[in-house]
Amino acid sequence: MSDQAYTARPWILLSPALGAVTFLLAVPVLFIIIYSFWLRSAAGAEIPGFFLDNWKEVFSDAFYRDILFSTLRIAVITTVFCALLGYVPAYFVAMSQTQFKALLLLLLILPFWISYIIRTMSWINILGASGALNRTLIYFGLIAEPVQFLYNEGAVILGLVHFLLPFMVLNVFVSIDGIDRNLLDASRSLGASGFQSFREVTLPLSLPGLAAGGLLCFVLSAGTYITPLILGGPRDAMFANLVFEAIITQLNWPLGSALSIVLLVVLGAIVTVYNRLAGLGQIAKSFG
Amino acid sequence: MDDTNRYERLLDRYRDGSVNRRSFLSLIGASAAAYGVMGSPFTKFAQAATPDQIRFDGWGGVVSEAFRKFAFDPYAAKTGIKVVDGTFGGADEYIARIRSGQPGEFNLAHLSGVFDYSRYHELGLTSELNEANIPNLSNVIPALQDVFRKITDGKLSAVPYDYGTTSIAYNRKFITDEEVKEKGAKILLDPKYKGKIGGWSDWKTRIWYGALQTDQNPNDIKDIEAVWDAIRTNRDLVLKYWTSGAELMSLLTEDEIYVTEGWSGRIKALQDQGHDIGYFDPKGGLGWQECIFVIKGSPMEACEELVNFMLEPEVAIAVAEGQLYPPSLDPQKVKLTDKIKNLPAFDPAGTLSGLNFFNADYWNGNEADWSKTYSRVERGY
């Protein structure tokens with residue numbers, strides 16, 4: 001094989017993926033950037049051109065900034081809950097010697113078989129005024145009147161954790177499952193207790209999985225709009241809801257495009273910083 | 001030059017050697033990709049004068065089933081033209097789809113109200129119906145047609161199909177008929193029901209009711225700041241602004257909310273299921289109509305024939321009984337069933353003089369500002 005052919009081979013092999021990324025990601029994003037400089041006419045049609053009005057509005061209006069911060073705060077809280085709640089089952093499944101390990105893994109991915117919207121809506125039947133939880137509490141005399149569990153920020157975070165927990169569990173599981181058991185045996189033989197062995201060996205080696213799961217949970221929760229729509233109250237909108245409203249309700253595609261770019265850039269910046277701190281290369285190792 | 005000529009010219013150049021094989025194949029590939037991006041074969045079928053199929057989009061559920069059984073299947077049997085039916089969640093979502101589609105890709109739609117008709121017109125999406133091809137149009141209540149004709153210079157791009165109201169729905173377990181009659185629209189501002197009030201998330205409805213709550217004419221609001229204040233008061237008392245009829249019904253029947261505005265047909269459905277839900281049209285309550293809209297670029301004769309099928313009394317009555325909204329058929333000309341006569345908002349006179357509709361010019365003139373401001377107010381601003 002000639003040197004030239006050898007050099008070209010990776011590009012040839014990569015060309016389908018590069019083509020897909022170019023046409024399905026780069027070109028649409030380019031269109032969105034162009035759209036963000038257009039204007040919406042009174043009738044709803046676009047006025048092509050180079051106008052900075054949408055960008056001025058996005059950066060000068062505290063409304064967008066506040067909702068963005070609120071979105072990031074909700075995403076952080078969701079990610080922390082996912083990490084706390086996801087680590088234990090992932091550790092259990094990975095360390096388990098049971099013959100039903102495959103079944104446990106199947107149970108982990110079972111929620112993906114049901115529509116995300118249906119899973120989110122199921123909370124209405126559990127937490128609603130006449131839902132299962134309120135009925136049970138009333139039955140046992142713990143409360144006299146139904147408690148308002150739904151349509152607030154807590155319900156939104158709960159719905160997001162429910163949606164994203166499997167992503168965290170699977171990432172942490174892969175990471176823990178890949179740890180060489182001899183390392184644990186070595187730490188124990190050197191006198192470490194079970195907890196010390198976990199703290200000094202298992203936890204540090206599982207951090208790439210935790211970091212990968214955290215990144216996925218954060219980005220997915222920051223970009224959601226279905227959960228606040230179903231489980232949130234009037235004030236519980238997230239940034240993606242503003243994009244949806246600008247594009248669908250207000251027919252203001254240029255403003256919606258500017259808002260989309262803002263969310264994309266903010267999340268991209270966070271991923272970049274995250275890469276500096278945690279190292280995406282390390283995270284990639286958690287996938288084997 | 002059409003595509004076929006372009007291809008033949010390119011082929012000639014390839015055969016005479018002025019274009020090499022690689023360039024020829026590259027240009028064919030590029031044109032195929034462009035065709036895939038810019039238009040689909042279905043677009044061409046839909047735009048043909050006698051298409052193989054036409055597309056209808058509606059709200060789904062029992063309404064689509066009634067259309068399928070009473071209109072689409074007989075139409076296909078008679079004309080050989082298949083009706084492909086899709087669904088949408090709302091007029092806003094649908095307009096976004098049409099704008100990102102190709103001319104002729106979407107043909108007929110079951111749309112809401114005069115406001116949307118006007119909006120579609122301003123976006124250049126209206127067609128011009130040949131009324132001679134729709135003889136059943138003569139059975140439609142003239143008042144419903146007139147509001148459309150005013151917008152499109154006496155012509156029609158849609159035929160009125162049904163109408164209803166958005167009025168006060170309340171759970172009689174917690175709120176009496178007398179209290180609702182006494183307070184009217186202002187019951188939605190009563191702090192006594194904080195956390196038990198609902199409302200439609202639609203900005204127009206919120207502003208309409210804000211106007212009623214501040215004793216203003218919704219079609220001529222003098223003090224919009226007072227309306228925003230009323231909406232803020234309502235927002236702070238509301239548990240949830242619902243986004244669909246299904247969510248409205250769920251919130252009411254699960255006792256999550258005791259009072260809200262509601263769509264007459266959905267409330268009638270709850271009443272028929274045995275739920276003790278009251279429904280009250282307050283003074284100035286909101287009426288609306290739905291239409292079968294023919295979108296610009298559609299094969300007109302085929303669409304007009306389908307519209308005529310849909311206006312057959314048998315079809316319109318079946319759909320009305322399914323969705324529980326009165327049909328647009330004039331009760332003075334068409335014999336309607338007892339079930340329809342008992343539907344909320346039904347007007348036996350056929351004049352609809354008791355209903356209040358959006359003034360399309362007025363609301364469209366304020367749409368950009370009000371919809372954006374409402375988005376802020378809803379979120380606590």
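Residues numbered from 1 in each chain as written. Chains lettered and ligands numbered in written order. Predicted model: local features only at pLDDT ≥ 70, side-chain atom pairs only at ≥ 80, totals over all residues. Heavy atoms only, no water.

*Asks:* Give me the lowdown on the overall build of chain B, citing residues and values where you can.
*Replies:* Along chain B, the regular secondary structure elements total 16 helices and nine strands. Taking contacts inside chain B between residues at least 6 apart in sequence as the whole, the part at least 24 apart equals 71%. If you sum the accessible surface of chain B, you get close to 16200 Å²; carbon and sulfur atoms cover 50% of it. (Helix = DSSP H or I, 4+ residues; strand = E, 2+ residues; numbered from the N terminus. Contact = heavy atoms within 4.5 Å. Areas by Shrake-Rupley, 256 points an atom, 1.4 Å probe, with all protein chains shown as cover.)

*Asks:* So, empty space enclosed by the protein: which residues are in play, and what are the values?
*Replies:* To find leftover empty space, a probe the size of one water molecule is rolled over the atoms. Scanning the entire structure with this criterion turns up one cavity of 30 Å³ or more. Its volume calculated, the largest cavity comes out at about 50 Å³. In this structure, the largest cavity is lined by Phe63, Tyr64, Leu242, Glu245, Ala246, Gln250, Leu255 and Leu259 of chain A together with Lys372, Ser375 and Arg376 of chain B. For the lining of the largest cavity, the per-class residue count stands at six nonpolar, two polar and three charged. (1 Å grid on protein atoms, 1.4 Å probe; cavity = no way out; pocket = protein on both sides within 12 Å on 5 of 7 lines; lining within 4 Å. Points joined across faces, edges and corners; volume = space filled by probe spheres on them. Nonpolar A, V, L, I, M, F, W, Y, C, P; charged D, E, K, R; others polar.)

*Asks:* If you had to explain the environment of Asn252 of chain A to someone new, which residues and values would you point to?
*Replies:* Mapping Asn252 of chain A onto the fold places it in the loop between helix H11 (239-249) and helix H12 (253-278). Accessibility expressed as a relative area gives 7% for Asn252 of chain A, which makes it buried. For the pair formed by Asn252 of chain A and Ala5 of chain A, sequence separation is 247 residues and the distance between their alpha carbons is 49 Å. Beyond its immediate chain neighbours, meaning those up to four positions away, Asn252 of chain A contacts Arg40, Ala246 and Ile247 of chain A together with Lys372 of chain B. (Buried < 20%, exposed > 50% of the residue type's maximum accessible area, 1.4 Å probe, protein only.)

*Asks:* Pulling in residues and values, what's your account of helix H7 (residues 142-151) of chain B?
*Replies:* Note: α-helices contain 3.6 residues per turn, so residues at a spacing of three or four share the same orientation. Residues and elements named next belong to chain B. Residues of H7 that are buried: Leu144, Gln145, Phe148, Arg149 and Ile151. Buried residues of H7, seen end-on, are gathered within an arc of 155° and therefore sit on one face of the element. Tucked into the core, H7 has its buried residues touching helix H6 (113-122), strand S4 (158-171), strand S9 (286-294) and helix H16 (360-378). One or two steps after H7, the chain reaches Asp153, where phi turns positive at roughly 50°. (Arc of directions from axis to C-beta.)

*Asks:* An account of the interface of chain A and chain B is needed here, citing residue identities and associated values.
*Replies:* In this assembly, 38 residues from chain A lie in contact with 35 residues from chain B. Summed over both partners, the interface of chain A with chain B buries about 2900 Å², with 49% contributed by carbon and sulfur atoms. The largest per-residue losses of area from chain A upon contact with chain B belong to Phe63, Pro234 and Arg235 of chain A, which jointly make up 22% of the total buried on that side. Here chain A and chain B share seven salt bridges between them. Residue Lys372 of chain B is joined to Glu57 of chain A by a salt bridge in which the shortest nitrogen-to-oxygen separation is 3.1 Å. Between chain A and chain B we count 15 residue pairs in polar contact (both at pLDDT 80 or more) in total. No other element matches the five residues that helix H3 (residues 62-95) of chain A contributes to the side of chain A that touches chain B. Here the residues of the side of chain A that touches chain B sort into 22 nonpolar, nine polar and seven charged. (Buried area = accessible area lost by both parts, 1.4 Å probe. Salt bridge = Lys/Arg side-chain N within 4 Å of Asp/Glu carboxyl O. Polar contact = N/O pair within 3.5 Å; in protein donor to acceptor, adjacent residues only side chain to side chain.)

*Asks:* Outline the packing of aromatic side chains, listing residues and values.
*Replies:* Counted by the stated rule, this structure contains 39 aromatic pairs over all chains. Relative to Phe67 of chain B, the ring of Phe56 of chain B lies with its centre 5.1 Å away and its plane at 70°, an arrangement referred to as edge-to-face. Taken together, the positions of Phe56 of chain B in strand S1 (residues 53-58) and Phe67 of chain B in helix H4 (residues 61-79) put the pair eleven residues apart, joining distant regions of the chain. No difference in accessibility class separates Phe56 of chain B from Phe67 of chain B, as the two residues are buried. Aromatic pair Trp59 of chain B and Phe88 of chain B: ring centres 5.0 Å apart, planes at 70°, arrangement edge-to-face. Here the residue Trp59 of chain B occupies a position in the loop between S1 and H4, and Phe88 of chain B occupies one in the loop between strand S2 (82-87) and helix H5 (91-100), the gap between them amounting to 29 residues. Its relative accessible area of 33% is what places Trp59 of chain B among the partly exposed residues. Of note, Arg99 of chain B hangs over the ring of Trp253 of chain A, and the distance from its end group to the ring centre comes to 4.7 Å. (Phe/Tyr/Trp six-rings, centres within 6.5 Å; stacked < 30°, edge-to-face > 60°. Lys NZ or Arg CZ within 6 Å of the ring centre and 35° of its normal.)

*Asks:* Outline the nonpolar core, listing residues and values.
*Replies:* Core analysis: the biggest nonpolar cluster contains 118 residues, and Phe67, Tyr94, Leu108, Tyr161, Ile292, Leu306 and Met310 of chain B have the highest contact counts within it. In terms of residues, this core owes the most to one element, helix H7 (residues 153-177) of chain A, which gives twelve residues. The two domains that each donate at least three residues to this core are domain 1 (45-163 + 288-360) and domain 2 (164-287) of chain B. With near-sequence residues (within four places) excluded, Leu108 of chain B lies in contact with Ile54, Arg55, Phe56, Asp57, Tyr94, Ile292, Phe293, Val294, Cys303, Leu306 and Val307 of chain B. In terms of nonpolar packing, the next biggest core, distinct from the first, is built from 33 residues, Ile168, Leu286, Phe358 and Tyr374 of chain B among them. (Core = buried A, V, L, I, M, F, W, Y, C linked by side-chain atoms within 4.5 Å. Domains from an automatic or database assignment.)

*Asks:* If you had to explain unusual backbone geometry to someone new, which residues and values would you point to?
*Replies:* All names here are of chain B. We note that Asp153 has phi near 50°; this positive angle belongs to a residue other than glycine. Phi at Asp255 is positive, roughly 65°, even though this residue is not glycine. Here Asp255 shows up in the loop between helix H11 (245-253) and strand S7 (259-263). With relative accessibility at 19%, the residue Asp255 sits in the buried group.

*Asks:* An account of the confidence of the model for chain B is needed here, citing residue identities and associated values.
*Replies:* Residue and element names in this part refer to chain B. Summary statistics for chain B give a mean pLDDT of 87 and a share of 87% for residues scoring 70 or more. In the predicted structure, residues 1-8 sits below a pLDDT of 50 and forms four contacts with residues beyond four places in sequence or in another chain. Note that residues 27-46 has pLDDT below 50 and, in this model, 19 contacts with residues that lie over four places away or in other chains. (pLDDT = per-residue confidence, 0-100.)

*Asks:* Before we move on, can you summarise the confidence of the model for chain A with the specific residues and values?
*Replies:* Predicted coordinates in regions of low pLDDT should not be interpreted in detail. With 96% of its residues at a pLDDT of at least 70, chain A reaches an overall mean of 91. Across chain A, element-level confidence peaks in H3 of chain A with a mean pLDDT of 96 and bottoms out in helix H13 (residues 280-285) of chain A with 58.

*Asks:* Can you lay out the pattern of salt bridges for me, pointing to particular residues and giving the numbers?
*Replies:* In this structure the tally under the stated criterion is 34 salt bridges over all chains. Ionic pairing is found between Glu57 of chain A and Arg376 of chain B, a salt bridge with its closest N-O pair at 3.6 Å. One end of the pair, Glu57 of chain A, is in helix H2 (residues 53-60); the other, Arg376 of chain B, is in helix H16, on a second chain. In this structure, Arg379 of chain B engages Glu245 of chain A in a salt bridge whose closest nitrogen and oxygen atoms are separated by 2.8 Å. One end of the pair, Arg379 of chain B, is in the segment after H16; the other, Glu245 of chain A, is in helix H11, on a second chain. In terms of burial, Arg379 of chain B and Glu245 of chain A fall into one category: buried.

*Asks:* Lay out the packing of H3 of chain A against helix H4 (residues 101-109) of chain A in plain terms, naming residues and giving numbers.
*Replies:* All names here are of chain A. Two numbers describe how H3 lies on H4: the axes approach to 9 Å, and their chain directions differ by 155°. As the angle between them shows, H3 and H4 are arranged roughly antiparallel. In this structure, H3 crosses over H4, and the sense of that crossing is left-handed. Between H3, through Phe92, Val93 and Ala94, and H4, the contact on the second element is made entirely by Lys101, Leu104 and Leu105. Among the residues making up the contact of H3 with H4, the classes are represented as five nonpolar, no polar and one charged. (Axes fitted to C-alpha atoms, helices over the stretch in contact; angles between N-to-C directions. Parallel < 35°, antiparallel > 145°, perpendicular 65-115°, else oblique. Left-handed = near helix turned anticlockwise from the far one by under 90°.)

*Asks:* Account for the UniProt feature "domain: ABC transmembrane type-1" (unreviewed entry) in chain A, naming residues and giving values.
*Replies:* The sites that carry the UniProt feature "domain: ABC transmembrane type-1" (unreviewed entry) are, in the present numbering, residues 68-274 of chain A. As annotated, residues 68-274 of chain A has a helix share of 77% and a strand share of 0%, and its two end C-alpha atoms lie 19 Å apart. (UniProt positions renumbered as here; feature names shortened; annotations may be inferred.)

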